[in-house]
Amino acid sequence: MTSAGLLLWGVLPYVCLVALIGGTVWRHRYDKFGWTTRSSELYEKRLLRIASPLFHYGIIGAFFGHILGVVIPKSWIDGIGIDEHAYHLIATWLGIPAGLAALAGLAMLIVRRRTTGSVFDATTNNDKVMYVVLLGAICLGLAATFWNAAEGPYDYRTSVSVWFRSVFYGDPKIALMSATPIVYRIHAAVGMVLIGMFPFTRLIHAFAAPVFYMFRPYIVYRSRDARQLGARSPQRGWERVR
Amino acid sequence: MKPMAQLAMVMNLDKCIGCHTCSVTCKQTWTNRAGVEYVWFNNVETRPGQGYPRRHEDQEKWRGGWELNARGRLRLKAGGRLRKLATIFSNPVLPELADYYEPWTYDYKNLTEAPAGDDMPTAAPRSLITGKPTDIVWSANWDDDLGGMPEHLDDDPLVGRLSEKVRGQFEEAFMFYVPRICEHCLNPACVASCPSGAMYKRSEDGIVLVDQDRCRGWRMCVTGCPYKKVYFNHRTGKAEKCTLCYPRMEVGLPTVCSETCVGRLRYLGVMLYDADAVTAAACEPDEKKLYHRQLDVFLDPEDPAVRQECERAGIPHDWIEAARRSPVHALISKYRVALPLHPEYRTMPMVWYIPPLSPIVDALAASGHDGESLDNLFGALDTLRIPVDYLAELFTAGDPEPVRASLETLAAIRNHQRRKNLGEEEDPGIAGRVGLSGQDLDDLFRLLAIAKYGERYVIPSAAAGDARSLEESVLGDGCSLEFDGGPGMGGPFGETSGQPVPASVETFHALKERQTSDSSADKPGGRRVNLLNWDGNGRPAGLFPARRKKEK
């Protein structure tokens, strides 16, 4: 076990988890006003109309693919009668279209962002860093899938996935991860960075996915809060006195 | 029965001169900030005309409001819950900035800083969105006073529904103004469209608001509102809309648009309604009956049983008393001269309009007739079909009868009052022709023509009113560096992050910023002090140009 391996697969995951959970709680507490999609549809619609759904549906597909391959243990999948070969086919032929859709959508979105003046003006440095990491994670994920299809099959469910779950048991299997092909290791590292920065970027809007809209009544009534006088709730601690 | 109270507005279009004072004061109060440059919570449209945003009444295109599904139940015209979530990544029917207009300022700096030359320097327009030179091609009231007619006449979605012959005559026959704010509907489609549940109707006064902390910028409300009165702030990424000036209304003051209305044509008051009956009324299959169905939803505050029921439902006593004196209730339910704007959208709007009689009087006078004579006016209402049909498209889903009844009442007031002024004997037949008494006509005259401040605005204050007035001195009123683009504005995650500042403080600083800057909204470093607004104290940043580095 090298010290780099220990840092990457034993320490970084916990740093990122703390950043993800702590950052989300912190942002929910202190920055509800900044918690938005920051949509630029008002500026430009023609490209967004194609690119945005393409990217989002692609990335949602990729997300569920990761649940299937990394979160759910191999034995469960085997248990419902999907053997290694069948799984590999499913992962390849569903994963590649989803990844390509996400990549194509993101590429179009970035081009649109750069070439449409008003959209570019609304882009922060934070956005730019995030786009680099997100694009990197998607490209590497696709590279790993392509590599697996061409050189493989490589069953990451006996290495990467086991390590991933072991992180949550508090006993990270660092040696397993250190032995995986390089493309998986880079993808996992970049992915962890992306997860860690999630609450500190505009990606946070994913956590606002409005699933409750399906169940609530159409018209929402709310009472004026009698305890609250100002336009915002009183801040914690003492109010400033001048 | 579930009685609820609603603060509602009536506008008397007969008195609107299209001066846009309401729009300007509203904008100065609420939307003079970056991100909402293109937004007018209150705007005044010339009719016939396209309106703002362009052709917003064309619901086949913009899909606003409700429609009935095959089973006769209400469904959002832009699609139900599943469809909303499926299209959440790019709202297919969101108006673009071009449908409103691209806001601009002028490059005034050039006037003083242009090098000496043969030509006078000009202040060329600059886009407030990109900061680049721009061409001014449209605005919120581009077709003001029928500007651009007849080129744009066919772009009015309502004119499109009238017959060919009518259209040609329209321009010379008829023109009037419609000031528009949020309708604060009883069955708001914007609230129903919000995936986050951030939009709500206040149960005390029915004001429809956006919770800025819960809005996530999905933009479905903009599509849902058929009046296009919810706007997207492109800087904060949140929806904003007319608040019916709730901070003023809560302390018993009229809205800014009402307060500053030169023609004194706005009325504010309480309407009591039965919340349980709203959905059933909005489900009325015949669009032309929607106006009557909405009237049935309102409760009569003079009915003791209703008052008892209201007390039981927890409506404060002074609100019920205010409902009895409500000018809005008188104009809508008692005299039925006010009509809803586009009831066919099925949102049960609560800003109603008294249709304009003046253009008809003018048309009569222009043709050499006595424009004040009751017989002439009644006859004109029959022969001048164009205005009545157009007004009916606007107010009653195409049913001319309520419009005619309202205009006849207005004509009767004129005639009744003329007889009084000329010292002639009162003719009970005049009032009788519109089903009212002479006293009714006197009362209406007083309400519509004298229009005393205290009678136009009957606003019960919220209970917290007194405490609220202390708010600005007691609660922290923000950091002095919190103006837009200032060092205190925005958290670490871009300009929109961090705690919001109270509305009053934010607009104050935004106003200050606008007055002291002559560059586009988000140009750092391009800020200069406008000496006209400088109070002579201290040395504000930008008073002098930046010190140049010493050349070596």
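Residues numbered from 1 in each chain as written. Chains lettered and ligands numbered in written order. Predicted model: local features only at pLDDT ≥ 70, side-chain atom pairs only at ≥ 80, totals over all residues. Heavy atoms only, no water.

Glancing now at the overall build of chain B. When you go through chain B residue by residue, the secondary structure sums to 25 helices and 14 strands. Out of the 552 residues belonging to chain B, those deemed buried represent 58%. Of the contacts formed within chain B by residues at least 6 apart in sequence, a portion of 70% connects residues at least 24 apart. Roughly 23,100 Å² of accessible area belongs to chain B as shown, and the carbon and sulfur atoms make up 51% of that amount. (Helix = DSSP H or I, 4+ residues; strand = E, 2+ residues; numbered from the N terminus. Buried < 20%, exposed > 50% of the residue type's maximum accessible area, 1.4 Å probe, protein only. Contact = heavy atoms within 4.5 Å. Areas by Shrake-Rupley, 256 points an atom, 1.4 Å probe, with all protein chains shown as cover.)

Time to look at the sheet that holds strand E8 (residues 199-202) of chain B. Strand order across the open sheet formed by three strands is E1(A)-E8(B)-E9(B), with mixed pairing between neighbours. At either end of the open sheet lies a strand with only one pairing partner, and these are strand E1 (221-222) of chain A together with strand E9 (208-210) of chain B. As paired elements, E1(A) and E8(B) share two bridges and run parallel to each other. Paired with A:Tyr221 across the bridge in E8(B) is B:Lys201. (Pairing = 2+ DSSP bridges.)

Among the nonpolar cores identified, the biggest contains 149 residues, and B:Tyr38 and B:Leu331 are the most heavily contacted of them. When residues in this core are grouped by element, the largest group, seven residues, is from strand E1 (residues 3-12) of chain B. Not counting the four nearest positions on each side in its chain, B:Tyr38 is found in contact with A:Leu42, B:Tyr52, B:Leu97, B:Tyr100, B:Tyr101, B:Pro103, B:Tyr231, B:Phe232 and B:His234. Among the nonpolar cores identified, the runner-up in size contains 17 residues, and A:Met130, A:Val133, A:Ile138 and A:Met197 belong to it. (Core = buried A, V, L, I, M, F, W, Y, C linked by side-chain atoms within 4.5 Å.)

On to the side chain of B:Lys77. Residues and elements named next belong to chain B. Positionally, Lys 77 belongs in the loop between strand E4 (74-76) and helix H3 (81-86). The exposure class of Lys 77 is buried, given its relative accessible area of 15%. At 3.3 Å, the side chain of Lys 77 forms a polar contact with the side chain of Glu 60. (Polar contact = N/O pair within 3.5 Å; in protein donor to acceptor, adjacent residues only side chain to side chain.)

What follows covers the UniProt feature "transmembrane region" (unreviewed entry) in chain A. Residues and elements named next belong to chain A. The UniProt entry lists residues 6-26, 47-70, 90-111, 131-150 and 186-215 under the feature "transmembrane region" (unreviewed entry), expressed in the numbering used here. Between the end C-alpha atoms of residues 6-26 there is a gap of 28 Å, over a span that is 100% helix and 0% strand. End C-alpha atoms of residues 186-215 are separated by 41 Å, and the span's content is 40% helix alongside 0% strand. (UniProt positions renumbered as here; feature names shortened; annotations may be inferred.)

Our next topic: the pairing of E1(B). All names here are of chain B. Counting buried positions over the 10 residues of E1 gives 10, a clear majority of the element. The alternating pattern of E1 places Pro 3, Ala 5, Leu 7, Met 9 and Met 11 and Met 4, Gln 6, Ala 8, Val 10 and Asn 12 on opposite faces, both of which are buried. In the sheet, E1 pairs with strand E12 (residues 266-274) via nine bridges, with the strands oriented antiparallel. Each bridged residue has a counterpart across the sheet, and for Ala 8 the counterpart in E12 is Gly 269. Both E1 and strand E14 (residues 351-354) contribute to a ladder of four bridges, which runs parallel. Of the residues in E14, the one forming a bridge with Met 9 is Val 351.

Attention shifts here to the UniProt feature "binding site: heme b 2" (unreviewed entry) in chain A. Residue and element names in this part refer to chain A. Feature annotation in UniProt assigns "binding site: heme b 2" (unreviewed entry) to the following positions: His 66 and His 187. In terms of the greatest pairwise C-alpha distance, the residues named above, spread along 122 residues, form a tight cluster of at most 12.3 Å across. Along the polypeptide, His 66 turns up in helix H2 (residues 46-71). Residue classification places His 66 among the partly exposed residues on the basis of a relative accessible area of 42%. Other than its neighbours up to four places away in sequence, His 66 contacts Val 71 and His 187. Looking at His 66, its side chain comes within polar contact range of the main-chain oxygen of Ala 62, at 2.7 Å. Summarising the element assignment, His 187 is placed in helix H9 (residues 182-197). Those residues within four positions of His 187 in sequence are excluded, and the remaining contacts are His 66, Ala 137, Leu 140 and Gly 141. Within the structure, the side chain of His 187 is placed 3.2 Å from the backbone nitrogen of Gly 141, a separation counted as a polar contact.

Residue and element names in this part refer to chain A. Residues Leu 6, Leu 7, Val 11 and Val 15 make up a contiguous nonpolar surface patch of roughly 330 Å² in combined accessible area. The residue Val 15 is located in helix H1 (residues 3-30) in this model. Taking relative accessible area as the criterion, Val 15 reaches 48% and is therefore assigned partly exposed. (Patch = residues over 30% accessible without salt bridge, like charges linked within 9 Å, V, L, I, M, F, W, Y side chains within 5 Å. Salt bridge = Lys/Arg side-chain N within 4 Å of Asp/Glu carboxyl O.)

What follows is about helix H6 (residues 125-151) of chain A. With 27 residues, H6(A) extends 38 Å from end C-alpha to end C-alpha; this agrees with the ideal 39 Å at 1.5 Å per step. Buried-residue contacts for H6(A) involve H2, helix H4 (84-115) and H9 of chain A. (Expected span 1.5 Å × (residues − 1).)

Here we come to the packing of aromatic side chains. Think of a pair of aromatic rings as described by two things: how far the centres are apart, and how the planes are tilted against each other in angle. Residue and element names in this part refer to chain B. Applying the stated criterion to the full structure yields 28 aromatic pairs over all chains. Considering the side-chain rings of Tyr 38 and Tyr 231, the 6.3 Å spacing of their centres and the 75° angle between planes classify their relative orientation as edge-to-face. With Tyr 38 in the loop between helix H1 (21-30) and strand E2 (43-47) and Tyr 231 in strand E10 (residues 230-233), this pair connects stretches of sequence that are 193 residues apart. Judged by its relative accessible area of 0%, Tyr 231 falls in the buried class. (Phe/Tyr/Trp six-rings, centres within 6.5 Å; stacked < 30°, edge-to-face > 60°.)

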